[in-house]
Structures are given as structure tokens and as C-alpha cells.
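Understanding the architecture of this molecule
What follows is each chain in one-letter form.
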Amino acid sequence: MNRRFKLFLTCCLVSLALQGFSKNYTVKSAAELAQLVLKPGDQVMLANGNWKDQQLVFKGKGTSQNPILLKAENALKVNFTGTSSIKIEGAWLLVDGLNFKDGATNGEDVILFAENSSNCRLSNSSVINYNPTDKAKEYTYVSLYGSRHRVDHCYFEGKTNIGPTLVVWLSAKANYHQIDHNYFGPRPDINGNGGETIRIGTSTWSMYDSFTIVNANIFAQCNGETEIVSVKSCRNTISNNLFYESVGTLTLRHGNYNAVLGNIFIGNHIKDTGGIRIIGEHHNVYNNYLQGLTGTGLRAAVSVMDGLPNPILVSHWQVKNATVVANTIVDCKEAFSVGAGKNAERILPPQKVMIANNLISKVTNGVTMVDETADVTFNGNMVDENGVTTILPTGFKKVDAQLKKTDVIWQPASTSAVKGAFAGNFSFIKQKDVGASLNEEQLSILTQKNIGPTWLNTNKITIASK
């Protein structure tokens, strides 16, 4: 028997031993959970009932092959109320089916992934209207410390107090979190800062890498503040999400080397609905679809800001080397605002900005050059005939785009002039057509299937264009 095979056999025997000795527990309180010494493969069932004022600590070290599971017996019958919360502390821990509703913590975050945790997952859970009477009391619904966590198929709604709904906290090491297939429902305007739905990082840590992926989520009527998703770190990917009737923007607020792709924005002409705002260096914004947005300037479909000289970490940094390519902008008030936010202090114009292969139609203002000194190149962009009432710069061509409405959005016919007209080469995108080319999987988010918890079907908004 050779050495490699002996090692493989030993690993298999250890894995089988762990599975053989795994245990199943049923608990009725946070105190009972705290008494358990959990091992890889163990499962803990939270018994049906009203879990009021329960501060759970789910602690243990599972493995990739044998995670430790904490699961509600029935998510509709295990109700976390009062001041209840949960802390997830360890490795390879899976939390499934928690339902926090109509309560308020004493100031701690409702769901907290601890600093020393890794490879943990929150799935199929919800936090709804979990708010203190004092709206100035700050906490989040979900706080992600540690590394390589996943939050998926959850539902969040109705946060009224200060603090983002979900926060990714940074450290000196990249965290590689994944936030996907969640439904972020209505959140009212808090009339100030601190009402983001998702924030990735902070100003202090904004020059550190996060590598967080925010993919295939729905943001419906998330109106907490100007920034719906606020990116304050480097090397994140915001992809294939739906922003529906949300007043605000997806903002690359701090940090560099972020990618925004495949997202769908539908504003339905609601006041101050916006698109994508760019600040910082080396961002790629491509293959996004934006429709019915009424915002201008900082809330234009695509806003590229002016920056401050000698900026500190909390400042607006100058835009450099931004690429905005293959996006479709339909029925919006302003497609592009270049140098947005320019004032007596913000005087540094965007540098080396490429705006290429975008398709615009039925737009009131195509391009607003707020800062005429901006270094921006327009190339291979197309505008639908009679689609813009203002004069466009060189780099835009009028065509018959033959846009046809399919359910909620507009797409070009197979004989459209945008087909095969893509100009230039970009390493991060491979396509032949001008404008956003969204595949069936990306478009499926409009049906809301596979989004949010399996047990919660009543809170979703009907997706339609108006």
C-alpha cells in the first residue's frame, strides 16, 4: 500500500468517524444552546415557539465536509421577538430558517458574524421591522466580520433606525464574502446618512481589498438614503442585481478596482431614482440596463464625479481610469453626468474615462458635461433615432435600434443596428453588440424566482414597468 493511498484512506476513515459520531440536538432557549459543545457534523434544532429576548451564541468549529447546522424546526413557527439576536462564532457554521420580526435589540446587531469566524453561512432567514423606538439608536440587521461568509436567500424589510441593513466590515486581510439571492424589501428614508441597504467597508478601510461579491439580489423600494449600495473598499463585484423603484444609487464611494456589471435598474419614473455613481480609480461599469430613472447629476443613470485635491479617506477622490461600456439606458432623464458634484472644493475633473458601446433611447439629456475639462473619450456609442433631445458629443451615432418591449424591459430586435456593432477590445467583456446583452439567467431575476427564503412568499412586490 503506497503512502499516498494510505493518507487518502486515513482521511476517509476520519471523515466517516466524524459523521458516525455526529449528534442531533433540540433546544428551547439560548441557555440550552450555550451548554452544547458542538462537533463537526452536529445539528441543532430550534424548537417551535416564541423565542423572546433570547441572545443566541452559535459556537463551534465544523469542517467543509461536515459543517455544524443550526436550523429552525419550522421557520414560520420559530419566532424571534423582543430583544433577541444571534452571534455566529467559529468556522463552517450554517444557520437556516431564522425569523426575526417586530422586535428591537438593546443596541447589538441582530445577526453578527464574529471577528474570528470564517466560512459561515446565513440562509433562508428574515429580519422584518426589527427597530427601536429611538430611530437614532444605531445597529444593523446583519454584520459580517471575519472571512469567507455567505448570506443567501434571506429577506430584509422595514429598517427605520440609523445604520445600514447589512454591513461588511474590513480588516487588513481581504474577506471574500458572498451576498446573493436575497430580497431587500422596502426601507423608508431616514432623512440623513447611515441608511444604506448594503455597505461594503468604511472610509477608514477604503483602500483595503475586500473581494466581496453582491450577486442576484433584489433591492425593492430601498429608500433609506442616497446610497442604496455603498462600496467603500477595493476589488468588489456588484453583479446581476435588480434595483426596483429604489430612490438612490449604487455608489462606488471609496476604494478602487471595483466592477459593476449585469445589473437592472427600473425606476418607474419615481422622483430621485438613480443609477450608478463613480468615484475613485480603475472601476469597470458594464452590461447594465437602466430604465425609467428620473435622477440627474449625482443621481443620473451614470454619474462620474469631480474630486477634491489632497483628499483624506472620507473625501471624494478623483476619478481615474474608469471604463463605462455596453450599458443600455432607456427612458431616463439624464444618461451621463460627467464631472457631477463640481463645486468650489471639488475641482479635480475625471481623468482617462472611456464611455463606449453604450445604447441610449428616449433620454431627455444624453450627456451633461458638468466639468468641461474632464478627460473623457466617447466611442462607439449609439442613440436610438429621436431618442435624445439634446446635442450629443462625438462618439455617438444615431441608429434605428428597433427596441421592443419584452415584459418589463426594452431589447433590440435581431435586425437592430446594434447587433455586431461593438467597437474596440476590452479584456473584461466579450460581446459583439452595443448596449447591455443580458442572458436568460440574468433576466430571470425579474420573475423573483429563487430569491429570498423558501417559506416566505407574501412580502414581495410585483415587478412591472410603468
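Rules used throughout
- Residues numbered from 1 in each chain as written.
- Predicted model: local features only at pLDDT ≥ 70, side-chain atom pairs only at ≥ 80, totals over all residues.
- Heavy atoms only, no water.
- Helix = DSSP H or I, 4+ residues; strand = E, 2+ residues; numbered from the N terminus.
- Rg over C-alpha atoms; globule rule 2.2 N^0.38 Å.
- Contact = heavy atoms within 4.5 Å.
- Areas by Shrake-Rupley, 256 points an atom, 1.4 Å probe, with all protein chains shown as cover.
- Lys, Arg positive; Asp, Glu negative; His and termini not counted.
- Charge placed at Lys NZ, Arg CZ, Asp CG, Glu CD.
- Pairing = 2+ DSSP bridges.
- Axes fitted to C-alpha atoms, helices over the stretch in contact; angles between N-to-C directions.
- Salt bridge = Lys/Arg side-chain N within 4 Å of Asp/Glu carboxyl O.
- Buried < 20%, exposed > 50% of the residue type's maximum accessible area, 1.4 Å probe, protein only.
- 1 Å grid on protein atoms, 1.4 Å probe; cavity = no way out; pocket = protein on both sides within 12 Å on 5 of 7 lines; lining within 4 Å.
- Points joined across faces, edges and corners; volume = space filled by probe spheres on them.
- Nonpolar A, V, L, I, M, F, W, Y, C, P; charged D, E, K, R; others polar.
- Phe/Tyr/Trp six-rings, centres within 6.5 Å; stacked < 30°, edge-to-face > 60°.
- Core = buried A, V, L, I, M, F, W, Y, C linked by side-chain atoms within 4.5 Å.

1. So, the overall build of the protein
The helix and strand inventory of the protein stands at three helices and 42 strands. Relative to the compact-globule value of 23 Å for 466 residues, the protein shows a C-alpha radius of gyration of 24 Å, a close match. Referenced to the eigenvectors of the C-alpha coordinate spread, the extents of the protein come out at roughly 70 × 65 × 50 Å. Put simply, 73% of the contacts in the protein that link residues at least 6 apart link residues at least 24 apart. Carbon and sulfur atoms provide 50% of the accessible area of the protein, an area that totals close to 19,600 Å². Within the protein, the 37 negative side-chain charges are centred at a point lying 6 Å from the centre of the 44 positive side-chain charges.

2. Some details on the sheet that holds strand β22 (residues 227-232)
Spatially, β4-β7-β10-β13-β16-β19-β22-β25-β28-β31-β34-β37 is the arrangement adopted by the twelve strands of the open sheet, whose pairing is parallel. Pairing within the sheet leaves two strands with one partner each, and these edge strands are β4 (55-61) and β37 (365-369). For this sheet the average axis-to-axis angle between neighbouring strands, irrespective of direction, equals 10°. Bridge count between strand β19 (residues 198-201) and β22: four bridges; the pairing is parallel. Counted as the bridge partner of R199 is S230 from β22.

3. A few points about the pattern of salt bridges
Per the counting criterion, the structure on display carries eleven salt bridges. Residues R121 and D152 are paired through a salt bridge, measuring 2.8 Å at the closest nitrogen-oxygen approach. With R121 in strand β11 (residues 121-123) and D152 in strand β14 (residues 150-152), this pair connects stretches of sequence that are 31 residues apart. Residue D152 is classed as buried on the basis of its relative accessible area, which comes to 0%. Taken together, the shared-partner salt bridges connect R121, R150, D152 and D180 into one network.

4. Some remarks on empty space enclosed by the protein
Taken as a whole, this structure holds two cavities of 30 Å³ or more when the rule is applied. Approximately 50 Å³ is the volume attributed to the largest cavity. Along its surface, the largest cavity is lined by F156, E157, G158, K159, T165, F184, G185, P186, R187, T197 and C222. Among the residues making up the lining of the largest cavity, the classes are represented as four nonpolar, four polar and three charged. Quantified by volume, the second largest cavity comes out at close to 40 Å³. Looking at the second largest cavity, the residues that line it are I228, F243, E245, S246, F265, I266, G267, T273, G274 and L293. Among the elements of the structure, β27 (264-266) and β28 (273-278) are those that each provide at least two residues to the lining of the second largest cavity. Tallied by class, residues from the lining of the second largest cavity come to five nonpolar, four polar and one charged.

5. Focus: the packing of aromatic side chains
The final tally for this structure, using the stated rule, is 16 aromatic pairs. Pairing F184 with F219 gives two aromatic rings, centres 5.0 Å apart and planes at 5°, and the pair type is stacked. Of this pair, F184 sits in strand β18 (residues 183-184) while F219 is found in strand β21 (residues 218-220), placing the two residues 35 residues apart along the sequence. Of the two residues, F184 and F219, neither departs from the other in class, the shared state being buried. When the ring of F426 is compared with that of F428, the centres are 6.0 Å apart and the planes differ by 50°; the resulting orientation is tilted. A relative accessible area of 15% means that F426 is categorised as buried.

6. Section: the environment of V367
Take V367: it is sitting in strand β37. Measuring from C-alpha to C-alpha, the distance between V367 and I391 comes to 8.2 Å, with 24 residues separating the pair along the chain. Those residues in contact with V367, other than ones at most four positions away along the chain, are F336, F378, L392, P393 and F396.

7. Notes on the environment of K232
Relative to the assigned elements, K232 resides in strand β22. Spatially, the C-alpha atoms of K232 and L76 are 36 Å apart, while their sequence positions differ by 156 residues. Sequence-distant contacts of K232, defined by excluding residues within four places in its chain, comprise E196, R199, I200, G201, T202, S203, W205, S206, E227, R253 and H254.

8. Section: the nonpolar core
Formed by 81 residues in total, the largest nonpolar core has its most connected members in I86, I111, V142, I329 and F336. F336 has contacts with V302, V324, I329, I355, N358, I360, G366, V367, T368 and F396, leaving out every residue within four places of it along the chain.

Limitation: the analysis is restricted to geometry and does not speak to function.
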